[in-house]
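Analysis of the macromolecular model
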Amino acid sequence: MKKNVEVKFPHSANLFQFCRRVLDHKFGGIRVIDQDVGQILGFDPADCSHWKKGKKNIRSIQAIKSIADNLGVDEKLVVDIASGDIDEIEAYNEFHGYGAFEVSSKIFDAAKKDFYRKNASTWTRDKEAEFKTHFETNETAIKKIVDEIHEKINFSEAPLYLPEVIGHYPDLNLKPIANADDIDGVTTERNKEGKTTISYQAGRDVRPYMRFKIAKEIAKFFLNKYNQMPPAELEEHGTHVLDVQSNLFAAYLLTPETLIRQEMKNINVSKDLITQLAEVFWVSKSFMNVRLKEILQR
């Protein structure tokens, strides 16, 4: 019977898998082999195999910089994997980012062309105004919904606990599932009785990126409940609008502006601001960076 061999440098093995996932994404479906990953650091097949199996420790400044440059990712992200702060799945989600927090002008223009083509014979200024309302993200309405949730659970101190939110709404359920290889990690189902179940990838703990994904699924439940879903007329473009709305909802839910400003008064100015706020609100550093910029640039 073959014994399980302990991986000597598991963080390096995670880093290898992250590099492979990113190359898979960048090559757009073209098969990526181990040696493609090894070439990032100029490794021969033997060294590449040792890296993949966690027998070779990848932690030097030069190696980390080379990986970041070759993959086109933030050097800090590579450091976080190499040091074991995050695994390759969380890192890949960080690499992908959290999506848009405002409607893309390209998608808006493409939708406008489609809308005009279908209504060319009856196009008027009123018709154009109607089209523009379809792309409104209704931020004020979303904030109002989130404020009601915060008030209902008496939320006044970060971080926000998602099971507590769900526990106050009988039609909403949260269920952990065991699937460590699932990149997306979250699915939503609605039964005949109208009860919504959000299933998420279970682990030793719920990581910040997973909290954001769960919050986005919670957003869809409430957007539907309060009739804030994109209109059917948007067809496939509505998916983009819904994603923006869900991102805004998740941001307001997990990191309300009033609490961020409150916590900033308690920050240790000798340490990294983003890292401290991310830890307080139990969100990723990359998301907190986006959120804080959005708040401070108003």
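Residues numbered from 1 in each chain as written. Predicted model: local features only at pLDDT ≥ 70, side-chain atom pairs only at ≥ 80, totals over all residues. Heavy atoms only, no water.

So, about the environment of K112. Along the chain, the position of K112 falls in helix 7 (residues 105-118). The exposure class of K112 is partly exposed, given its relative accessible area of 27%. The sequence separation of K112 and L234 amounts to 122 residues, and the corresponding C-alpha distance is 9.5 Å. (Helix = DSSP H or I, 4+ residues; strand = E, 2+ residues; numbered from the N terminus. Buried < 20%, exposed > 50% of the residue type's maximum accessible area, 1.4 Å probe, protein only.)

Here 3 strands make up an open sheet; going across it, the order is 1-3-2 and the pairing mixed. The open sheet has two free edges, formed respectively by strand 1 (172-177) and strand 2 (186-190), since each of these has just one partner strand. The mean inter-strand angle of the sheet, taken between neighbouring strand axes irrespective of direction, is 20°. Taken together, the 5 bridges between strand 2 and strand 3 (residues 196-201) define a ladder with antiparallel strand orientation. Within the sheet, the bridge partner assigned to V186 lies in strand 3 and is Y200. Its contacts with the sheet put helix 11 (residues 208-225) on strand 1, strand 2 and strand 3, and the angle it makes with strand 3 is roughly 170°. (Pairing = 2+ DSSP bridges. Axes fitted to C-alpha atoms, helices over the stretch in contact; angles between N-to-C directions. Contact = heavy atoms within 4.5 Å.)

As a volume, the largest pocket reaches approximately 760 Å³. Considering the residues around the largest pocket, the lining is formed by 29 residues, among which D80, E94, S284, K285 and S286 are closest to the centre. Mapped by element, the contributors of at least two residues to the lining of the largest pocket are helix 5 (75-82), helix 6 (88-96), helix 14 (273-281) and helix 15 (285-296). (1 Å grid on protein atoms, 1.4 Å probe; cavity = no way out; pocket = protein on both sides within 12 Å on 5 of 7 lines; lining within 4 Å. Points joined across faces, edges and corners; volume = space filled by probe spheres on them.)

With the exception of glycine, the majority of residues adopt a negative phi angle, and the majority of peptide bonds are in the trans configuration. Cis rather than trans, the peptide bond between A158 and P159 has omega equal to 5°. Tracing the backbone through its elements, the reader meets P159 in the loop between helix 9 (139-152) and helix 10 (162-167). Its identity as a non-glycine residue notwithstanding, N138 has a phi of 55°, on the positive side. Mapped onto the secondary structure, N138 falls in the loop between helix 8 (125-134) and helix 9. Residue N154 is not a glycine yet carries a positive backbone phi of 55°. Assignment of secondary structure puts N154 in the loop between helix 9 and helix 10. For N154, a relative accessible area of 65% corresponds to the exposed category.

Quick look at the pairing of strand 3 now. Put simply, side chains in a regular strand alternate between the two faces of the sheet. In terms of residue burial, strand 3 counts as a mostly covered element, since 5 of its 6 residues are buried. As paired strands, strand 1 and strand 3 are joined by 6 bridges and run parallel to one another. Among the inter-strand pairings, L174 is bridged to a residue of strand 3, identified as I198.

A general feature of soluble globular proteins is that nonpolar side chains tend to end up buried together. Within the largest apolar cluster, 49 residues are counted, with the highest numbers of intra-cluster contacts made by I218, F222 and F249. Listing elements by their share of this core, those giving two or more residues are helix 9, helix 10, strand 3, helix 11, helix 12 (237-254), helix 13 (257-264), helix 14 and helix 15. Top contributing element to this core by residue count: helix 11, with 10 residues. Among residues more than four places away in sequence, those in contact with F222 are I145, I149, Y169, L172 and F249. F16, F18, C19 and A63 belong to the second-largest nonpolar core, a separate cluster that totals 27 residues. (Core = buried A, V, L, I, M, F, W, Y, C linked by side-chain atoms within 4.5 Å.)

Once that is clear, we can look at the packing of helix 6 against helix 11. Packing of helix 6 against helix 11 leaves a shortest axis separation of 9 Å and a crossing angle of 55°. Between helix 6 and helix 11, the angle falls in the class oblique. Facing I89, E90, N93 and E94 of helix 6, the residues of helix 11 in contact are P208, Y209 and K213. Residues belonging to the contact of helix 6 with helix 11 are distributed by class as follows: 3 nonpolar, 1 polar and 3 charged. (Parallel < 35°, antiparallel > 145°, perpendicular 65-115°, else oblique. Nonpolar A, V, L, I, M, F, W, Y, C, P; charged D, E, K, R; others polar.)

Pairing is possible between side chains that carry opposite charge, provided their charged atoms lie close to one another. Per the stated rule, a full pass over the model turns up 11 salt bridges. In this structure, K216 engages D243 in a salt bridge whose closest nitrogen and oxygen atoms are separated by 2.6 Å. Of this pair, K216 sits in helix 11 while D243 sits in helix 12; the two residues are 27 residues apart in sequence, bridging distant segments of the chain. Members of the salt-bridge network, linked through shared partners, are R20, D34 and K52. (Salt bridge = Lys/Arg side-chain N within 4 Å of Asp/Glu carboxyl O.)

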